[in-house]
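Structure assessment
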Amino acid sequence: MPKFSDPNLLVGFDTSDDASVYKMDENTALIQTVDIFPPVVDDPYEYGQIAAVNSLSDVYAMGGDPKLALNIFCFPEDLPKDVVQAILQGGYEKVQEAEALITGGHTIQDNEPKYGLSVTGFAHPAEILMNNNVKDGDVLILTKALGTGILTTAAKAGLLDEATYKALVKSMTQLNKYSAEIMKKYSVNSCTDVTGFGLLGHAFEMAYGSGVTINLDHTKLPVLPEAFDMAEMGIIPAGAYRNRESLDDVVLVKEKVPLAAEDILYDPQTAGGLLISLPEAEGMKLAKELGGAAEIIGWAEMFNDYSVIVG
Amino acid sequence: MVIHVDARGCACPEPVIKTKKAIAQEHDEVVVLVDNKTALENVKRFAGKSKHQVTVEEVEDYYQLTLKK
């Protein structure tokens, strides 16, 4: 593949970051991202909300504010009109909550529905938070609980009670906007959002890109209710095994870590939280201000043999 | 009594759900056939959780799991 290069391209294809970033002038960087996926829950309105939260998240993870969004919507011809409306309604409401605008979009006929948005945002070039700037001595904070892949799989099999399902949807429909606003008040070194590659996959990208080792404490992981039980029962999506296979050589999971916790670490997340790296001295304060599920889950040190070590 | 579950061609979480239904019945042994690694790993985990001993045999293009109480 040909390589694109431009002196103003701050973040491109090659660093596995969350979005592309282009410097327009001394004060403005343009952030662009796109993400679509098939329904993760049965309710069309919730699905629309979740897809939008997920699409907007990449802009927050780069340290920016989303401004413009375009719908990308694939659906079968026979999908009832009210379902189409509900999906779009969910997306519109989340984009509105994000104080961004939907300015158009594209629809296409497809056998299986897919929805998401291409989002454009802005930031000051100095405020861009890349995923490859973790420093020795940083602590890592995760802002949302893990287990959305396992629990959406369980929900499809009808294994979740109402309260667990509600907690799952509440987490997936929560914009990373609020965490990002708080994060910006601190000296954050690096940030990403946790999505398809699971916590371990995204922690690996951060650690590898930064040339450090990230240590994660499995006892500190925020986990959604029932996710641990469902993992023990083997309600684990194929994506989790793919993540495990691709990370096998670069990640060390110590023997004391229970298998279910390991499965949760590899579980692909939908509309997951931000993974924030900042100096230890400010870590406790940020985790406290974030509240909710936010936890300090690990720390970074000089590289030693593995990019990520889970103990 | 041996219960047979053919979960070949089934995607996650179906193989586990089928196995779960099988072990809810009176049984000495449940034999489960799956044809992908995700299903293999998931049914193995389920066997452990439901207090069964599990042995795996690779047969041609599928796996045969035997769950014993």
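Given the structure is predicted, the values throughout are model-derived calculations rather than measurements.

1. Focus on the overall build of chain B
Regarding its fold elements, chain B presents two helices and four strands. When its helices and strands are written in sequence order, chain B yields β-α-β-α-β-β. Over its C-alpha atoms, taken along the principal directions, chain B stretches across nearly 30 × 20 × 15 Å. Among the 69 residues that make up chain B, the fraction classed as buried is 46%.

2. Concerning the sheet that holds strand β3 (residues 28–37) of chain A
All names here are of chain A. Across the sheet, six strands lie side by side as β1-β2-β3-β6-β4-β5; this open sheet has mixed pairing. The open sheet has two free edges, formed respectively by β1 (9–11) and β5 (101–109), since each of these has just one partner strand. Adjacent strand axes in the sheet meet at a mean angle of 20°, parallel and antiparallel pairs treated alike. Summarising the sheet, strand β4 (residues 65–75) and strand β6 (residues 114–123) pair through nine bridges and their orientation is antiparallel. Counterpart to D65 in the pairing with β6 is F122. The sheet contacts of helix α1 (residues 44–61) involve β3, β4 and β6, and relative to β6 the element is tilted by about 30°. On top of the sheet, helix α2 (residues 81–97) reaches β4, β5 and β6; it is set at about 170° to β4, its chief contact.

3. Digging into the layout of surface pockets
Residue and element names in this part refer to chain A. A volume near 390 Å³ is recorded for the largest pocket. Lining the largest pocket are 17 residues, and of these F37, P38, P39, V40 and T270 lie nearest its centre. Considering every element that reaches the lining of the largest pocket, the biggest residue donor is helix α3 (residues 148–156), with four residues. Of the residues belonging to the lining of the largest pocket, the class tally is six nonpolar, eight polar and three charged.

4. A word on α1 of chain A
Residues and elements named next belong to chain A. An ideal rise of 1.5 Å per residue puts 26 Å on 18 residues; α1 measures up with 26 Å between its terminal C-alpha atoms. Summarising burial for α1: 16 of the 18 residues are buried, a large majority. Where α1 begins, the capping side chain belongs to D43, and its oxygen is found 3.0 Å from the backbone nitrogen of Y45.

The rules we used
Residues numbered from 1 in each chain as written. Chains lettered and ligands numbered in written order. Predicted model: local features only at pLDDT ≥ 70, side-chain atom pairs only at ≥ 80, totals over all residues. Heavy atoms only, no water. Helix = DSSP H or I, 4+ residues; strand = E, 2+ residues; numbered from the N terminus. Buried < 20%, exposed > 50% of the residue type's maximum accessible area, 1.4 Å probe, protein only. Pairing = 2+ DSSP bridges. Axes fitted to C-alpha atoms, helices over the stretch in contact; angles between N-to-C directions. Contact = heavy atoms within 4.5 Å. 1 Å grid on protein atoms, 1.4 Å probe; cavity = no way out; pocket = protein on both sides within 12 Å on 5 of 7 lines; lining within 4 Å. Points joined across faces, edges and corners; volume = space filled by probe spheres on them. Nonpolar A, V, L, I, M, F, W, Y, C, P; charged D, E, K, R; others polar. Expected span 1.5 Å × (residues − 1). Polar contact = N/O pair within 3.5 Å; in protein donor to acceptor, adjacent residues only side chain to side chain.

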